[in-house]
Amino acid sequence: MEHNCPLNKVQLGYHTWNLLHTMVANYPDEPSPQEQEDVYQFFKLLGRLYPCKECGLDFSLLLTQRPPVTTSQNTLSEWLCFIHNDVNQKIGKSIFDCNRVNERWRDGWNDGSCD
Ligand code: FAD
């Protein structure tokens, strides 16, 4: 995909979710205390620095209501899926089935369609 123009809100959001879900899909199963602190700070700073002001403000509020569950890859991936669904709900998009989050972002679909 070629981009020669600044990203709009939809493009920025799509690419950011791709990064976030892929990052969390590769988070350790048994993270160290430092890794847990790092990922917690990452999401906190994302809310402050996200280059769509209204999105970042709402995201920061969501983090206070639903703080990151940093104890393992599974808990963090599920948490991010719930957070993304909160945003989906707010803007009228479909809710994603969080039981399938690792299939979507880590392992590939069970039917082999990602091979
Ligand atoms: P996206 O929502 O970008 O999703 C990308 C892909 O992720 C989908 O194709 C799907 O396969 C997968 N997916 C969808 N839901 C989930 C889930 N719950 N868990 C795992 N995978 C999933 N837009 C606004 O208009 N207002 C806002 O306030 C706003 N806040 C945002 C806050 C953040 C932190 C981010 C990253 C984005 C925000 N956006 C906001 C953008 C919005 O969420 C979408 O990214 C954008 O509308 C593009 O939507 P999309 O249909 O391409 O799919």
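Above this text sits the structure in question.
Here's what I pulled together on the structure shown here.

1. So, the pattern of salt bridges
- The final tally for this structure, using the stated rule, is five salt bridges.
- The residue Glu-103 makes a salt bridge to Arg-100 at a minimum N-O spacing of 3.0 Å.
- Taking the relative accessible area as the measure of exposure, Glu-103 reaches 12% and is therefore buried.
- Residue classification places Arg-100 among the partly exposed positions, given a relative accessible area of 37%.
- Linking Arg-106 and Asp-107 is a salt bridge whose minimum nitrogen-to-oxygen distance equals 2.7 Å.
- Since its relative accessible area comes to 41%, Arg-106 is described here as partly exposed.

2. A word on the site of the ligand
- Near the ligand there are 22 residues, and of these Trp-17, Cys-81, His-84, Lys-90 and Arg-104 occur at the shortest range.
- Between the ligand and Cys-81 there is a distance of 2.9 Å, counted from a nitrogen atom to a backbone nitrogen or oxygen.
- Asn-88 is positioned with one of its side-chain polar atoms (N or O) 3.0 Å from a nitrogen atom of the ligand.
- In the complex, the protein chains occlude 85% of the 950 Å² of accessible area that the ligand would expose alone.
- Counting residues per element, the ones that place at least two in the shell around the ligand are α1 (9–25), α3 (53–65), α4 (73–90) and α5 (101–107).
- Here the element with the most residues in the shell around the ligand is α1; it accounts for seven residues.
- Split by residue class, the shell around the ligand holds twelve nonpolar, six polar and four charged.

3. Some points on the nonpolar core
- In terms of nonpolar packing, the biggest core is built from 17 residues, with Phe-43, Trp-79, Leu-80 and Ile-83 touching the most fellow members.
- When contributions to this core are tallied by element, the ones reaching two or more residues are α1, α2 (33–49), α3 and α4.
- The residues touching Ile-83, leaving out its near neighbours within four places in the chain, are Trp-17, Phe-59, Leu-62, Leu-63 and Arg-66.
- Residues Ala-25, Cys-81, Cys-98 and Trp-105 belong to the second largest nonpolar core, which totals five residues.

4. With respect to the packing of α1 against α4
- Remark: α1 packs on α4, axes separated minimally by 9 Å, with the N-to-C direction vectors making an angle of 160 degrees. When the interaxial angle is binned, α1 and α4 end up roughly antiparallel. Of the residues in α4, those touching α1 at Trp-17, Leu-20, His-21, Val-24 and Ala-25 are Gln-73, Leu-76, Ser-77, Leu-80, Cys-81, Ile-83, His-84 and Val-87.

5. Digging into α2
- In this model, α2 (17 residues) spans 24 Å end to end at C-alpha, consistent with the 24 Å of a helix rising 1.5 Å per residue.
- Taken together, the buried positions of α2 are Val-39, Phe-43, Leu-46 and Gly-47. One side of α2 carries all its buried residues, which in axial view fall inside an arc of 100 degrees. Summarising the geometry of α2, the exposed residues directed more than 90 degrees from the buried face are Pro-33, Gln-34, Arg-48 and Leu-49.
- Elements that come into contact with the buried residues of α2 comprise α1, α3 and α4.

Analysis parameters
- Residues numbered from 1 in each chain as written.
- Predicted model: local features only at pLDDT ≥ 70, side-chain atom pairs only at ≥ 80, totals over all residues.
- Heavy atoms only, no water.
- Salt bridge = Lys/Arg side-chain N within 4 Å of Asp/Glu carboxyl O.
- Buried < 20%, exposed > 50% of the residue type's maximum accessible area, 1.4 Å probe, protein only.
- Near = heavy atom within 4 Å.
- Polar contact = N/O pair within 3.5 Å; in protein donor to acceptor, adjacent residues only side chain to side chain.
- Areas by Shrake-Rupley, 256 points an atom, 1.4 Å probe, with all protein chains shown as cover.
- Helix = DSSP H or I, 4+ residues; strand = E, 2+ residues; numbered from the N terminus.
- Nonpolar A, V, L, I, M, F, W, Y, C, P; charged D, E, K, R; others polar.
- Core = buried A, V, L, I, M, F, W, Y, C linked by side-chain atoms within 4.5 Å.
- Contact = heavy atoms within 4.5 Å.
- Axes fitted to C-alpha atoms, helices over the stretch in contact; angles between N-to-C directions.
- Parallel < 35°, antiparallel > 145°, perpendicular 65-115°, else oblique.
- Expected span 1.5 Å × (residues − 1).
- Arc of directions from axis to C-beta.

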